[in-house]
Amino acid sequence: MLEISHVSMAYANGKVKAVDDLSLSLKAGEIFGFLGANGAGKTTTIKMLTGILPVKSGSISICGHDITKEPINAKRNFGFVPDSPIIFDKYTGREYIDFLGDIYGVSAEERARVTGDLLKRFALEDAFDKRISGYSHGMKQKIAIIGALIHSPSLWVLDEPMMGLDPTSAFALKELMKEHRDAGKTVFFSTHVLDVAEKICDRVAIINKGKLVLCGDTDEIRAAKGNESLEDVFMSVAGNE
């Protein structure tokens, strides 16, 4: 589903490595948590796998398509929710979703089915035909989530998705992530909320200063560390930086 192979990214003329020889392999039907402190390299990694930043060292493949060599085919297979939703403020929510639906070739019937369900879950029905410029941060986050799912992607990528969401919407998002996994698809998300990761992730990876320091099944990692919480495990391998 997602193959990250020996990827590196450096800034300051190569003096600072944001990502250092990172390799990950994600399979269909799992929720994969990507954990690390601020500046650990999570967002840089996500920007490379989504094509926002170029992959200059190593390779990233999504559903068999290299993000550098086949960017359009790779991008057809994922939906992305960034940590700060940057969307067209002059559009209404409906116009924004229709714009994305046109890009991905989603039929009107399918758009209506997907948006009808998600608007109810996120209590966004009354705002759907209003301009996004009048949305709160949380509402923009919700419309970005709906937009990322409009084409039912095989891979759903989220960068700190809980930011700005009220508890009810955060619960709805977690349920959607589980449903995506149960449909045989993959969720890849970064988060600082370790108790959420512990509850819903099948596997996690922890990076520190761009390097992978731990990766595996959540329950197996906790068992290997004496059944500590994921927070305790994280603090022991990356929390002191």
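Relevant structure appears above.
This is a predicted model, so every value here is computed, not measured.

Definitions and limits used
- As a convention, each chain's residues are numbered from 1 in the sequence order in which they are written.
- Predicted model: local features are reported for residues with pLDDT of at least 70 only, side-chain atom pairs are reported and counted for 80 or more only, and whole-chain, interface and lining totals are derived from all residues.
- Excluded from the side-chain calculation are hydrogens and water; included are all heavy atoms of the structure.
- Within the patch definition used here, like charges are joined within 9 Å and nonpolar side chains (Val, Leu, Ile, Met, Phe, Trp, Tyr) within 5 Å, considering only residues with over 30% relative accessible area and no salt bridge.
- Computed by Shrake-Rupley with a 1.4 Å probe, the accessible areas treat only the displayed protein chains as cover when residues are assessed.
- Salt bridge criterion: a side-chain nitrogen from Lys or Arg within 4 Å of a carboxyl oxygen from Asp or Glu.
- Only DSSP runs of H or I with at least four residues qualify as helices, and only runs of E with at least two residues qualify as strands; both kinds are numbered from the N terminus onward.
- For every residue, the accessible area (1.4 Å probe, protein chains only) is compared with the maximum for its type, and the residue is labelled buried under 20%, exposed over 50%, or partly exposed between those bounds.
- DSSP bridges decide pairing: two strands pair if at least two such bridges lie between them.
- The contact criterion used throughout is that any non-hydrogen atoms of two residues lie within 4.5 Å.
- Each axis is a line fitted through C-alpha atoms, taken for helices only over the stretch in contact, and angles between the N-to-C directions span 0 to 180 degrees.
- What makes a nonpolar core is a set of buried Ala, Val, Leu, Ile, Met, Phe, Trp, Tyr and Cys residues whose side-chain atoms join them at distances within 4.5 Å.
- A positive count includes Lys and Arg, and a negative count includes Asp and Glu. His and the chain ends are not counted in either.
- Charged groups are reduced to one reference atom each: NZ for lysine, CZ for arginine, CG for aspartic acid, CD for glutamic acid.
- Stacked, edge-to-face and tilted labels apply to pairs of Phe, Tyr and Trp rings (six-membered ring for Trp) whose centres lie within 6.5 Å, assigned for plane angles under 30 degrees, over 60, and everything in between, in that order.
- Disulfide assignment relies on a single distance test, namely cysteine sulfur atoms paired within 2.5 Å.

Focus: a nonpolar patch on the surface
Phase 1 of the analysis: Taken together, the side chains of F88, F99 and I103 present a nonpolar region at the surface, about 280 Å² in accessible area.
Phase 2 of the analysis: Looking at the element boundaries, I103 is found in helix 3 (residues 93–104).
Phase 3 of the analysis: Overall, the relative accessible area of 48% leaves I103 in the partly exposed class.

Focus on the sheet that holds strand 5 (residues 65–66)
Phase 1 of the analysis: Across the sheet, four strands lie side by side as 2-1-4-5; this open sheet has antiparallel pairing. Bordering the open sheet on either side are strand 2 (16–26) and strand 5, each of which pairs with just one other strand.
Phase 2 of the analysis: When strand 1 (residues 2–11) meets strand 4 (residues 57–62), the two strands line up antiparallel, connected through five bridges. Across the sheet, residue S5 finds its bridge partner in strand 4, namely S59.
Phase 3 of the analysis: Against the sheet, helix 1 (residues 42–49) makes contact with strand 1, strand 2 and strand 4, and its axis sits at roughly 120 degrees relative to strand 1, the strand it touches most.

Thoughts on helix 1
Phase 1 of the analysis: Of all eight residues in helix 1, six are buried; the element is thus mostly enclosed.
Phase 2 of the analysis: Residues of helix 1 that are buried: K42, T44, T45, I46, M48 and L49.
Phase 3 of the analysis: G51 occupies a position one or two residues after helix 1 and carries a positive phi of about 85 degrees.

Observations concerning the nonpolar core
One recurring pattern in soluble globular proteins: nonpolar side chains tend to sit buried together.
Phase 1 of the analysis: Grouped together as the largest cluster of nonpolar side chains are 46 residues, with contacts concentrated most on I143, W156 and M177.
Phase 2 of the analysis: In terms of nonpolar packing, the next biggest core, distinct from the first, is built from 25 residues, I4, M9, F34 and L49 among them.

Brief notes about the pattern of salt bridges
Phase 1 of the analysis: Considering all chains together, one arrives at 15 salt bridges under this definition.
Phase 2 of the analysis: Among the salt bridges present, the one from R121 reaches E179, with a minimum N-O distance of 2.9 Å. A residue pair is termed long-range when its members are at least 10 positions apart, and R121 in helix 4 (residues 108–121) and E179 in helix 6 (residues 167–182) qualify at 58 residues.
Phase 3 of the analysis: The class for R121 is partly exposed, based on a relative accessible area of 26%.
Phase 4 of the analysis: By relative accessible area, E179 is classed as partly exposed at 38%.
Phase 5 of the analysis: Within this structure, K17, D20 and K211 form a network of salt bridges that share partners.

Considerations on a negative patch on the surface
Phase 1 of the analysis: A cluster of acidic residues, D195, E228, E231 and D232, forms a negative patch on the protein surface.
Phase 2 of the analysis: Using a relative accessible area of 47% as the deciding quantity, one classes E231 as partly exposed.

Thoughts on the packing of aromatic side chains
Phase 1 of the analysis: Enumeration according to the criterion identifies five aromatic pairs in this entry.
Phase 2 of the analysis: Here a set of aromatic residues connected by ring pairs shows up, and it is made of F32, F34 and F188.

Remarks on the state of the cysteines
Phase 1 of the analysis: One pass over the structure, following the stated rule, counts zero disulfides.
Phase 2 of the analysis: There is no disulfide at C63, and the cysteine sulfur nearest it, in C215, is 19 Å away.
Phase 3 of the analysis: C63 gets classed as partly exposed once you look at its relative accessible area, which sits at 28%.
Phase 4 of the analysis: The closest cysteine sulfur to the non-disulfide-bonded C215 is located on C201, 11 Å from its own sulfur.
Phase 5 of the analysis: Taking relative accessible area as the criterion, C215 reaches 36% and is therefore assigned partly exposed.

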